[in-house]
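The residues making up each chain are set out below.
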Amino acid sequence: MAAAGDGVTEVDDQVNDALKALANPVRRQMLGWLRDPRANFPAGQGAADPDEYGVCVSQLQEKAGLAQSTVSSYMASLERADLVIGARVGKWTHYRRNEERIARLIEVLDRTL
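The rules we used
- Residues numbered from 1 in each chain as written.
- Predicted model: local features only at pLDDT ≥ 70, side-chain atom pairs only at ≥ 80, totals over all residues.
- Heavy atoms only, no water.
- Pairing = 2+ DSSP bridges.
- Helix = DSSP H or I, 4+ residues; strand = E, 2+ residues; numbered from the N terminus.
- Phe/Tyr/Trp six-rings, centres within 6.5 Å; stacked < 30°, edge-to-face > 60°.
- Buried < 20%, exposed > 50% of the residue type's maximum accessible area, 1.4 Å probe, protein only.
- Lys NZ or Arg CZ within 6 Å of the ring centre and 35° of its normal.
- Axes fitted to C-alpha atoms, helices over the stretch in contact; angles between N-to-C directions.
- Parallel < 35°, antiparallel > 145°, perpendicular 65-115°, else oblique.
- Left-handed = near helix turned anticlockwise from the far one by under 90°.
- Contact = heavy atoms within 4.5 Å.
- Nonpolar A, V, L, I, M, F, W, Y, C, P; charged D, E, K, R; others polar.

**Quick notes on the pairing of strand β2 (residues 84–89)**
Here comes step 1: In this structure, β2 lies alongside strand β3 (residues 92–97), joined through six bridges in antiparallel fashion. Its bridge partner being in β3, Ile-85 is matched across the sheet by Arg-96.
Here comes step 2: Between β2 and β3, which pair antiparallel one after the other, the connecting turn spans two residues, and Gly-90 there sits at a positive phi close to 65°.

**Observations concerning the pairing of β3**
Here comes step 1: Relative to β3, strand β1 (residues 55–56) runs antiparallel, the two sharing two bridges. Its bridge partner being in β3, Cys-56 is matched across the sheet by His-94.

**Regarding the packing of aromatic side chains**
Where two aromatic rings form a pair, the distance of their centres and the angle of their planes describe that pair.
Here comes step 1: Going through the model one piece at a time under the given rule, you end up with one aromatic pair.
Here comes step 2: Plain terms: the ring middles of Trp-33 and Phe-41 are 6.3 Å apart, the flat faces sit at 85° to each other, and that makes the pair edge-to-face. Like Phe-41, Trp-33 is buried.
Here comes step 3: Cation over ring: Lys-63 sits above Phe-41, and NZ or CZ is 5.8 Å from the ring centre.

**Concerning the packing of helix α2 (residues 25–35) against helix α4 (residues 57–64)**
Here comes step 1: Relative to each other, α2 and α4 sit at 120°, their axes nearing to 11 Å. Looking at the two axes, α2 sits oblique to α4. Our pair here, α2 against α4, has a crossing hand that is right-handed. On α4, the residues touching Met-30, Trp-33 and Leu-34 of α2 are Leu-60, Lys-63 and Ala-64.
Here comes step 2: When the residues that make up the contact of α2 with α4 are grouped by side-chain class, the tally is five nonpolar, no polar and one charged.

This is the structure in structure tokens:
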């Protein structure tokens with residue numbers, strides 16, 4: 001068992017949080033859509049550049065066919081796990097993937113599984 005303060009417990013907690021967020025198939029699907037926002041969401045519908053700010057919750061809602069509150073909850077879960085980054089653009093919230101965090105998660109899983 002890892003000693004307290006060695007960083008292993010913190011990494012384990014981060015991995016567990018990410019895996020919990022990814023346990024939901026719709027959240028995984030949304031994260032997949034965000035991999036290539038220009039291909040998955042019609043141009044000109046968002047209030048901001050999808051490469052810089054990500055995709056608006058309303059666009060995710062429309063594509064998923066879910067209530068806005070459900071999509072917001074799903075995205076908040078992914079944001080708490082640090083898998084997406086949220087940004088306010090006016091009154092809208094946009095999300096983009098946190099590629100650095102996703103890459104670190106994949107590295108940790110590759111080393112430990």
